[in-house]
Amino acid sequence: MSLGIFPTSEVLFRGGIVGTSIAYYLSRHPNVLGDTSVYVLESSYIAAGASGKAGGFLALNWHGPTTSSLAALSFKLHEELATEHDGEKKWGYRKLVTLGIDSDPNSNDGVETVPHAEWIADVVGSVEPLGDETTTAQVHPFLMTNALISAAQDSGVNVTIAKAETIVRNEETKEITGVTAVTRSGEILTIPATDVVFAAGPWTGTITTQMLGEKAAGGAANIIPSNRSTSIVVSPPESRELTPHALFCTLVLPDGSHGQPEFYPRPDRTLYVCSAGMSDQTPLPEYAEDVVHSEEGVRRLKERLRIVVRKEWIGDVLESDNFIRQACYRPDSSKTHLPVIGKIGDGLWVASGHEVWGILLGPGTGKVMSELLLEGKEKSANISSLRP
Ligand SMILES: Cc1cc2nc3c(=O)[nH]c(=O)nc-3n(C[C@H](O)[C@H](O)[C@H](O)COP(=O)(O)OP(=O)(O)OC[C@H]3O[C@@H](n4cnc5c(N)ncnc54)[C@H](O)[C@@H]3O)c2cc1C
């Protein structure tokens, strides 16, 4: 890739849903003139982290007052993006019904069968609606993030696979002039930049502290990795249909402990399963592509899957190696538990800490960041409680 010196340029860290959405909306902003270049710097590959391995569940009204405006904008933008880029086909966007399942096989509660969803096993306990096609939807996050970056590249955004290392400044004025980055083969690159947006998911706190020092990193320094989260994706036998029902479950397990698995059947006929509350403190590696799943995590997910899904839909897939096992880390916001979006210094910005809602909030964050960068203030959503 050849790098030019441009009068103005934005470098965005990194190729997760947040950095990709910022690049996408910058590339479409009316104030982007011929002399503005947008770079996405990604150390592994696009959507190598949580943005490629999340469930992809979207909810309109599950949010508190501080993020409800950004969530409403994002939910709307997801639909608009799907319409504009054929997201139904390209990244499995669809609206769906969401159910809460509470199950305790030892209780005296009656047995409930979920209507119109044969794949869900009978529940000893309760089933309640949590959302319908007007309030909940889903995407395949890896496919969506990659489709967005392709659309951004078609509009001139540059993508470089290298790990950002240092901020380069003019020795006299101290203004930012670029970012150095190193490829995995050791090549050192300098990318010209006037503005740098840190959107490095769970790496944001470490990277901003290393590159800027803790004080200058400000609110960005508080973004830390969550525990490692393992997920699996299984394919039921061809003849078995999965209906569009997302499930949030609270289960009493055979040993008396509780499990909180989530199930997302996808239009590609696969079933994604992850679970809250499976503590796994394996530290975050330096590169997203080096994150590996936990075998214990897989074992627990299989156990939960066998309780919630009828065995005809599982077949012998769990005994084979024929399903996806993966893991990722959320960007947690250790001080506020809210995303952190805005300016941390001259030419320095942060957009991270989206915790469990980064796939939903990615597009809205991209849109408001494009407004902040190119117009000086956000217009599309109220993010006043989310400033660094
Ligand atoms: C199991 C699980 C399920 C989830 N399900 C959902 C869901 O259903 N709905 C929802 O809305 N959210 C969900 N989330 C949350 C969501 O996945 C995250 O909030 C979101 O993906 C964060 O996106 P990001 O772009 O901030 O970070 P990431 O996706 O982590 O991207 C950061 C990128 O930065 C790169 N990077 C890091 N350091 C550098 C560097 N120095 N130089 C260059 N690049 C660098 C990394 O390689 C990575 O690709 C889930 C999370 C988990 C863990």
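Residues numbered from 1 in each chain as written. Predicted model: local features only at pLDDT ≥ 70, side-chain atom pairs only at ≥ 80, totals over all residues. Heavy atoms only, no water.

Naming follows an unreviewed UniProt entry, where the chain appears as FAD dependent oxidoreductase domain-containing protein of Hydnum rufescens UP504.

Considering the packing of aromatic side chains
According to the stated counting rule, one finds nine aromatic pairs in the structure shown. With 5.7 Å between their ring centres and 25° between their planes, Phe57 and Tyr264 make a pair best called stacked. With Phe57 in strand β3 (residues 57-59) and Tyr264 in strand β17 (residues 258-265), this residue pair connects regions lying 207 residues apart in the sequence. This pair shows no difference in class: Phe57 is buried, exactly as Tyr264 is. Plain terms: the ring middles of Phe57 and Trp357 are 6.3 Å apart, the flat faces sit at 40° to each other, and that makes the pair tilted. One end of the pair, Phe57, is in strand β3; the other, Trp357, is in the loop between β22 (348-352) and α10 (358-375), and 300 residues separate them in sequence. The exposure class assigned to Trp357 is buried, which follows from its relative accessible area of 17%. Ring pairs connect the aromatic residues Phe57, Trp62, Phe248, Tyr264, Tyr272 and Trp357, which therefore count as one cluster. (Phe/Tyr/Trp six-rings, centres within 6.5 Å; stacked < 30°, edge-to-face > 60°. Helix = DSSP H or I, 4+ residues; strand = E, 2+ residues; numbered from the N terminus. Buried < 20%, exposed > 50% of the residue type's maximum accessible area, 1.4 Å probe, protein only.)

Examining helix α5 (residues 141-154)
In this model α5 runs 20 Å from its N-terminal to its C-terminal C-alpha over 14 residues, within 8% of the 20 Å that 1.5 Å per residue would give. Of all the positions in α5, only Pro141, Met144, Thr145, Ala147, Leu148, Ile149, Ala151 and Ala152 are classed as buried. Backbone geometry just downstream of α5 places Gly156 in the positive-phi region, at approximately 105°. (Expected span 1.5 Å × (residues − 1).)

Focus: the nonpolar core
Counting 59 residues, the largest nonpolar core has Ile22, Leu58, Leu70, Trp91, Ile341, Met369 and Leu373 as the members making the most contacts within it. With eight residues, the single largest contributor to this core is α10. The residue makeup of this core includes at least three contributed by each of domain 1 (8-85 + 140-225 + 332-386) and domain 2 (97-132 + 227-328). The residues contacting Leu70, other than those within four sequence positions of it, are Ile341, Leu361, Gly364, Thr365, Val368, Ala381, Ile383 and Leu386. (Core = buried A, V, L, I, M, F, W, Y, C linked by side-chain atoms within 4.5 Å. Domains from an automatic or database assignment. Contact = heavy atoms within 4.5 Å.)

Here's the deal with the pairing of strand β2 (residues 36-42)
Of all seven residues in β2, seven are buried; the element is thus mostly enclosed. The side-chain alternation of β2 yields two buried faces, one formed by Thr36, Val38, Val40 and Glu42 and the other by Ser37, Tyr39 and Leu41. For β2 and strand β9 (residues 158-161), the ladder comprises four bridges, and the chain directions are parallel. Pairing of Val40 across the sheet is with Val159, part of β9. (Pairing = 2+ DSSP bridges.)

Structural notes on the pattern of salt bridges
Counted by the stated rule, this structure contains 16 salt bridges. When the shortest N-O distance is used, the salt bridge between Glu378 and Arg387 registers 3.1 Å. Residue classification places Glu378 among the buried positions, given a relative accessible area of 17%. Taking the relative accessible area as the measure of exposure, Arg387 reaches 46% and is therefore partly exposed. (Salt bridge = Lys/Arg side-chain N within 4 Å of Asp/Glu carboxyl O.)

A word on the confidence of the model for the chain
Mean pLDDT over the chain stands at 93; residues scoring 70 or higher make up 96%. The model gives residues 1-7 a pLDDT under 50, and that stretch makes 16 contacts with residues more than four places away or in other chains. (pLDDT = per-residue confidence, 0-100.)

Some words on the sheet that holds strand β15 (residues 229-234)
A sheet is described by the order of its strands in space; here eight strands give the open sequence β6-β7-β5-β16-β17-β18-β15-β19, paired in mixed fashion. The open sheet has two edge strands with one neighbour each: β6 (111-112) and β19 (324-328). One ladder, built from seven bridges, connects strand β5 (residues 97-103) with strand β16 (residues 245-252); its direction is parallel. In the strand pairing of β16, Ile101 is matched with Cys249.

Some points on the sheet that holds strand β8 (residues 136-138)
As summarised here, the arrangement of the three strands in space is β3-β8-β4, forming an open sheet in which the pairing is antiparallel. The two strands at the open ends of the sheet, each matched to only one other strand, are β3 and β4 (94-95). Two strands pair when backbone bridges link them, and β4 and β8 are joined in this way by two bridges, in the antiparallel orientation. Across the sheet, Arg94 pairs through a bridge with Gln138, a residue of β8. Taken strand by strand, helix α3 (residues 68-85) contacts β3, β4 and β8, and its axis lies near 125° from that of β3. (Axes fitted to C-alpha atoms, helices over the stretch in contact; angles between N-to-C directions.)

Re the domain arrangement of the chain
Taken domain by domain, the chain consists of domain 1 (8-85 + 140-225 + 332-386) and domain 2 (97-132 + 227-328). Relative to domain 2, the C-alpha centre of domain 1 lies at a distance of 31 Å. Of the residues lining the interface, 18 residues belong to domain 1; the matching set on domain 2 comes to 20 residues. Together domain 1 and domain 2 conceal approximately 1800 Å² of surface at their shared face, both sides included; 59% is due to carbon and sulfur atoms. On the domain 1 side of the interface with domain 2, the three residues burying the most area are Lys53, Arg184 and Trp203, jointly 36% of the side's total. Summed over the shared surface of domain 1 and domain 2, the number is three salt bridges. The salt bridge partner of Glu289 is Arg184, with a shortest N-O separation of 2.6 Å. Counting the contacts that link domain 1 with domain 2 gives 11 residue pairs in polar contact (both at pLDDT 80 or more). Taken together, the residues that form the side of domain 1 that touches domain 2 break down as 10 nonpolar, five polar and three charged. (Buried area = accessible area lost by both parts, 1.4 Å probe. Polar contact = N/O pair within 3.5 Å; in protein donor to acceptor, adjacent residues only side chain to side chain. Nonpolar A, V, L, I, M, F, W, Y, C, P; charged D, E, K, R; others polar.)

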